[in-house]
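Report on the structure
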Amino acid sequence: MFRLFAHAVIFSSLAVVSASAQSDVPTLTADHKKFEVLKGPFATGSDVTKACLTCHTEAGKQVMGSIHWKWDTVNPATGQTLGKKNVLNAFCGNLATNEPRCTSCHAGYGWEDEATFDFADQTNIDCLACHDTTGEYVKWPTKAGHPLYSPVTQSSRMVPYAGSMIVEEPDGKFTHMPPDLAHVAENVGAPGRDNCGNCHFYGGGGDNVKHGDLSSALSNPSPHVDVHMSPEGANMTCVDCHVGNGHDWPGSRYHGTITDNSIQPAGMRNTDILACNSCHTATPHDAATLKGFKLNGHTDRVACQTCHIPEYAKGGVATKTWWDWSAAGKLKDGKPYAEHDEQGRHTYLSTKGDFKWGEDVVPTYAFWNGQVEYTLLGDKIDPSGVVGINRIGGSAGDPQSMIYPFKRMQGKQAYDAVNNHLLQSNVYGPTTDTAFWTNFSWDKALAAGMADSDVPYSGEYGFVETEMWWPTTHMVSPSSEALECDSCHARDGRLAGLGGFYLPGRDGFATTDRIGLVLLALALAGIVLHTIIRLVMSRRRGEG
Amino acid sequence: MADKQYIKIFAGFERFWHWTQALLVIVLMITGARLHGLFDGPPWAMAFQVHLIAAGLIILLWIFAIFWHFTTGAWQHYIPTLRNLIPVIRYYAYGIFLGEAHPAKPTLRRKHNPLQRLSYLFLKLVINPAIWITGVLYLTVSLTGFDLGTVAWLHVVAAYAMALFVVIHVYMATTGETVTSYLKAMITGYEWVVVDEDKPGK
């Protein structure tokens, strides 16, 4: 088991800064600029990978075993086969038949089609997406994982893309320059926030669309946005918590770790498991104070995130909260169109339907035991209610469950109106006749999507309301911004809708309180009556 | 009729105990009502901390008071008796309106009338222990694993009992010869009492 000094991790970046300022001794043991094999020139990303593998002989095998490569994983608790390759989501929907677009975030090159892509060829691995330190290497969104190899000029700036690699043309168009692969290869290093962020910030087709707590605001966040990642805070990178060990990382929302129960040597953390208490312990508050003592008593049933992430989608980047596919396909003069709100966010796209956005969103709270169950393609649904694209396990009565914050994504998605299961659709395909984003025909898009699966499709579709639960775990605020007691211990507080347990300050005891207050009122009434009689009689005696 | 003298019947500690307890109970009732959600306003965290500090102090005070009662023998003032109980109840329900004399005159050995004895004994043996035991259980519920709702309910029931006691007790304190005479005795310690002690068998 790989272990790490927790505090060493937190302060390592500060140490690097001060050490380099004081001496010429390098902090790394290898300078990649000195390797002949990395001098290039390289025609493709795969050529760089071949060079990497000449020294990093085992890295290919490691990556091939990881979810970043396979997009395929079995949830040990439910037995469900998950991963991007298999699941449906409440955003663009599904990978199948849309590969070149979706696989722009695959840790490889060329996954155009699952049947033809060679998952066993190590040279298909993309090392640079994660290890580039120049910021100039960004996978192009529609090239199945490849970066640009020649300039592309288009009317809009691609996001994400390095600003220094974009040339603004006199006609207002933007030319996107391909990265210099040799320069990038000579400057590889440990992944920074943007390496992970170039994909994970842009899930669902745009900045913060999907997670709500992962956006470009985390590239250079203020402490308010993320106290761990802020340069004015701990300046941590993603892999300071999600410590890579053999190209495998702890932390998954397919199978959540809400608390770290592993046995840890004093002062160290196990890096194959990740929760807040891996570093902060289960008693992070000052137990010498009354408040701290009582807060420590909360950690068994209240996740750290609940109080310490009061809002998600912070830092000015909104997240999509509603996506109604049923409205998609409307055309004006035979052409697709877009509508925006005052902030310039899409509220309607012919390609995608209606949207709602949220910024600084108060999470939805629920008891969670870390388990997540998916409604997979072919699973029966009840279209009369809201269909959970996933469902979270846990309840107030389950001692293993904690109150946890979520982004609850809502919307409407296509389903088979005869067989009652969700459908997958072919949305992307600029040159095909079936893709919805090209031809705006649900019949064609759904038939093409379903043809790529073993699940039967009746040909009759409807739209069903869906929800999807996204655990909120990033964008931790400074402790000064943590929720106060009254945020929940109040009649109409944040947990007003969370049933199944007694919450002081929120829940009275209806009958007991009524009896108690009535008895008190009767006592007071009796006192008033007694006083009046005393006064009246005493006056009479005085008069008599 | 025995002579009465104006002498000290409430010792210094007894008065300190009574008034400190009174202050703490009032603080606990107000903060407790806030914590229970009976009214809004002061921050919950502040109410919680004040409640806990006051609770700690009152438990400490009770420990001292229990020690004091046993070492001084003052506990004997709370031995329940039926003797003269009915006349006292009749007095508060009826005689007081007619200006009758109180049927139980305080003596050095019997500071409290039979009704007081019963109610103070109930306070000390039932309400006080109930409220602090359930309070400690409430505070430590995450350590013991007891059901939070049950512990909270017991604490709330004990709190209503305490509130009822306080309301009635404060009013009864106005029923002396003058409205403030009992209050004065509890502050100064001095009271007109029968010094010629009852002889056995009388």
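Above this text you will find the structure in question.
Within each chain, residues carry numbers counting from 1 in the order of the written sequence. Just so you know, chain letters begin at A and ligand numbers begin at 1, following the order they were written in. Where local features are concerned, this predicted model is filtered to residues with pLDDT of at least 70; where side-chain atom pairs are given and counted, the filter is 80 or more; whole-chain, interface and lining totals use all residues. With hydrogens and water set aside, each side-chain value is computed from the structure's full complement of heavy atoms.

This part takes up the overall build of chain B. If you tally the helices and strands in chain B, you get seven helices and two strands. The helix and strand labels rest on DSSP assignments: H or I over at least four residues marks a helix, E over at least two residues marks a strand, and numbering proceeds from the N terminus. Listing every helix and strand of chain B by position from the N terminus yields β-α-α-α-α-α-α-α-β. Under the convention used here, a 1.4 Å probe and the Shrake-Rupley method define accessible areas, while residue burial counts only the protein chains that appear. Carbon together with sulfur atoms contributes 73% to the accessible area of chain B, which is approximately 11,200 Å² in total.

Before going further, it helps to spend a moment on the state of the cysteines. All names here are of chain A. Disulfides are defined as pairs of cysteine sulfur atoms found within 2.5 Å of each other. Inspection of every chain in the model, using the stated rule, returns one disulfide over all chains. Unpaired in this structure, Cys127 has its nearest cysteine sulfur neighbour in Cys52, at a distance of 4.0 Å. We note that Cys196 lacks a disulfide partner, and the nearest cysteine sulfur, in Cys238, lies 3.9 Å from it.

Residues and elements named next belong to chain A. In this scheme, strands are said to pair when DSSP sees at least two bridges between them. Direction of pairing for strand E8 (residues 319-324) relative to strand E11 (residues 353-358): antiparallel, over a ladder of five bridges. Residue pairing for E11: Trp322 is matched across the bridge by Lys356. Here strand E10 (residues 346-349) pairs with E11 via two bridges, running antiparallel. Directly across from Tyr348, in E11, lies its bridge partner Asp354. The turn joining E10 and E11, which pair antiparallel and follow one another in sequence, is formed by three residues.

Take the interface of chain A and chain B next. Between chain A and chain B, the contact holds 32 residues from the first and 37 residues from the second. Roughly 3,100 Å² of surface becomes buried between chain A and chain B when both sides are summed, with 69% attributable to carbon and sulfur atoms. The term salt bridge refers to a pairing of a side-chain nitrogen on Lys or Arg with a carboxyl oxygen on Asp or Glu at a separation within 4 Å. Here chain A is connected to chain B by one salt bridge. Pairs of N or O atoms within 3.5 Å make up the polar contacts considered here, provided that, within protein, one atom can donate a hydrogen while the other can accept it, and that residues adjacent in sequence are counted only when both atoms are side-chain atoms. At the surface where chain A touches chain B, the tally comes to 14 residue pairs in polar contact (both at pLDDT 80 or more). At the level of elements, helix H11 (290-296) and helix H15 (510-543) of chain A are the ones that each hand at least two residues to the side of chain A that touches chain B. Should any heavy atoms of two residues lie within 4.5 Å, those residues are counted as being in contact. Buried area, as used here, totals the accessible surface that two parts lose on assembly, with accessibility defined by a 1.4 Å probe and the loss added over both.

Here we come to the packing of aromatic side chains. Aromatic pairs are defined between Phe, Tyr and Trp rings, using the six-membered ring for Trp, whenever the two ring centres lie within 6.5 Å; interplanar angles under 30 degrees are classed as stacked, those over 60 as edge-to-face, and all others as tilted. All chains considered together, the criterion is met by 34 aromatic pairs over all chains. Where Tyr461 of chain A meets Phe463 of chain A, the ring centres are 5.9 Å apart and the plane angle is 85 degrees; that geometry is what we call edge-to-face. Ring centres 6.3 Å apart and planes at 65 degrees place the aromatic pair Tyr120 of chain B and Phe165 of chain B in the edge-to-face group. You can see Tyr120 of chain B sitting in helix H4 (residues 114-139) and its partner Phe165 of chain B sitting in helix H6 (residues 148-172), a full 45 residues away along the chain. With respect to burial, Tyr120 of chain B and Phe165 of chain B carry one shared label: buried. Counting every residue linked through ring pairs, the aromatic cluster contains Phe91, Trp323, Trp325, Phe355, Trp357, Phe436, Phe440, Trp442, Tyr461, Phe463 and Trp470 of chain A. Look at NZ for Lys and CZ for Arg. If either is within 6 Å of the ring centre and within 35 degrees of the ring normal, a charge sits over the ring. The aromatic ring of Trp71 of chain A is capped on one face by Lys84 of chain A, whose charged end is 6.0 Å from the ring centroid. Accessibility here uses a 1.4 Å probe with only protein chains present; expressed as a share of the type maximum, an area under 20% marks a residue as buried, one over 50% as exposed, and anything in between as partly exposed.

Residues and elements named next belong to chain A. Of the grid points, spaced at 1 Å and generated over the protein atoms alone, those admitting a 1.4 Å probe that cannot get out make up cavities, while open sets with protein on both sides within 12 Å along at least five of seven lines make up pockets; any residue with an atom within 4 Å of a point is treated as lining. Grid points are joined across faces, edges and corners, and a volume is the space filled by probe spheres set on the points. Evaluated as defined, the whole model comprises one cavity of 30 Å³ or more. When its volume is computed, the largest cavity comes out at roughly 110 Å³. Taken together, 13 residues form the lining of the largest cavity, with Gly93, Gln413, Ala414, Leu423 and Ser425 sitting closest to its centre. Where the lining of the largest cavity is concerned, the elements lending two or more residues are strand E16 (402-416) and helix H14 (442-451). For the lining of the largest cavity, the class distribution of residues is eight nonpolar, five polar and no charged. Lys, Arg, Asp and Glu make up the charged group, whereas Ala, Val, Leu, Ile, Met, Phe, Trp, Tyr, Cys and Pro make up the nonpolar group; the residues left over, Gly among them, are polar.

To continue, consider the packing of helix H2 (residues 44-72) of chain B against H4 of chain B. All names here are of chain B. In the contact formed by H2 and H4, the axes pass within 11 Å of each other and the chain directions differ by 140 degrees. Taken together, H2 and H4 sit at an angle that is classed as oblique. At the point where H2 passes H4, the crossing takes the left-handed sense. The segment H2 lies against H4, with Phe48, Leu52, Ile59, Trp62 and His69 engaging Lys124, Asn128, Ile131, Trp132, Val136 and Leu139. The residue makeup of the contact of H2 with H4, split by class, is eight nonpolar, two polar and one charged. Axis lines are fitted through C-alpha atoms, for helices just across the contact stretch, and the angle between N-to-C directions can take any value from 0 to 180 degrees. Any angle that is under 35 degrees is reported as roughly parallel, and any over 145 degrees as roughly antiparallel; angles of 65 to 115 degrees are reported as roughly perpendicular and all others as oblique. Crossings are classed by handedness, with left-handed meaning an anticlockwise turn of the near helix from the far one by less than a right angle and right-handed meaning a clockwise turn.

Before going further, it helps to spend a moment on unusual backbone geometry. Residue and element names in this part refer to chain A. A cis amide bond, omega -5 degrees, links Gly40 with the succeeding residue Pro41. For the bond running from Val159 to Pro160, omega is 0 degrees, close enough to zero to count as cis. As for its placement among the helices and strands, Pro160 is situated in the loop between strand E4 (152-154) and strand E5 (166-168). Within the chain, Ala144 stands out as a residue other than glycine whose phi angle is a positive 55 degrees. Within the element layout of this structure, Ala144 appears in the loop between helix H6 (128-131) and E4.

Bringing the side chain of Asp132 of chain A into the picture now. Residue and element names in this part refer to chain A. With respect to the helices, strands and loops of the structure, Asp132 is situated in the loop between H6 and E4. We score Asp and Glu as negative and Lys and Arg as positive, and we do not count His or the chain ends. Within the buried core, Asp132 has no salt-bridge partner, and the shortest N-O distance to an opposite charge, that of Lys33, equals 11 Å. Of the polar contacts made by the side chain of Asp132, one reaches the backbone nitrogen of Gly135; its length is 3.0 Å. Looking at Asp132, its side chain comes within polar contact range of the main-chain nitrogen of Glu136, at 3.4 Å. Setting aside residues no more than four positions away along its own chain, Asp132 makes contact with Tyr137, Val184, Asn187 and Asn195.

Turning to H6 of chain B, a few remarks are in order. To estimate how far a helix should reach, multiply one less than its number of residues by 1.5 Å. In this model H6 of chain B runs 36 Å from its N-terminal to its C-terminal C-alpha over 25 residues, within 8% of the 36 Å that 1.5 Å per residue would give. Buried residues of H6 of chain B: Gly149, Val151, Ala152, His155, Val156, Ala158, Tyr160, Met162, Ala163, Phe165, Val166 and Tyr171 of chain B, and no others.

All names here are of chain A. By size, the foremost hydrophobic cluster in this structure holds 46 residues, and its most contacted members are Phe91, Trp323, Tyr374, Leu422 and Met468. Mapped onto this core, the elements with two or more residues apiece are strand E12 (364-368), strand E13 (372-374), E16, H14 and strand E18 (461-471). Broken down by element, this core gets its largest block of residues, six residues, from E16. Once you skip the residues sitting within four places of it in the chain, Trp323 turns out to touch Ala90, Phe91, Cys92, Gly204, Val209, Lys352, Asp354, Phe355, Met409, Gln410, Gly411 and Lys412. Core analysis: the next-biggest nonpolar cluster, separate from the first, contains 23 residues, Leu38, Met64, Cys127 and Val184 among them. What is meant by a nonpolar core is a set of buried Ala, Val, Leu, Ile, Met, Phe, Trp, Tyr and Cys residues, joined one to another through side-chain atoms within 4.5 Å.

Honestly, it's all geometry; don't read function into it.
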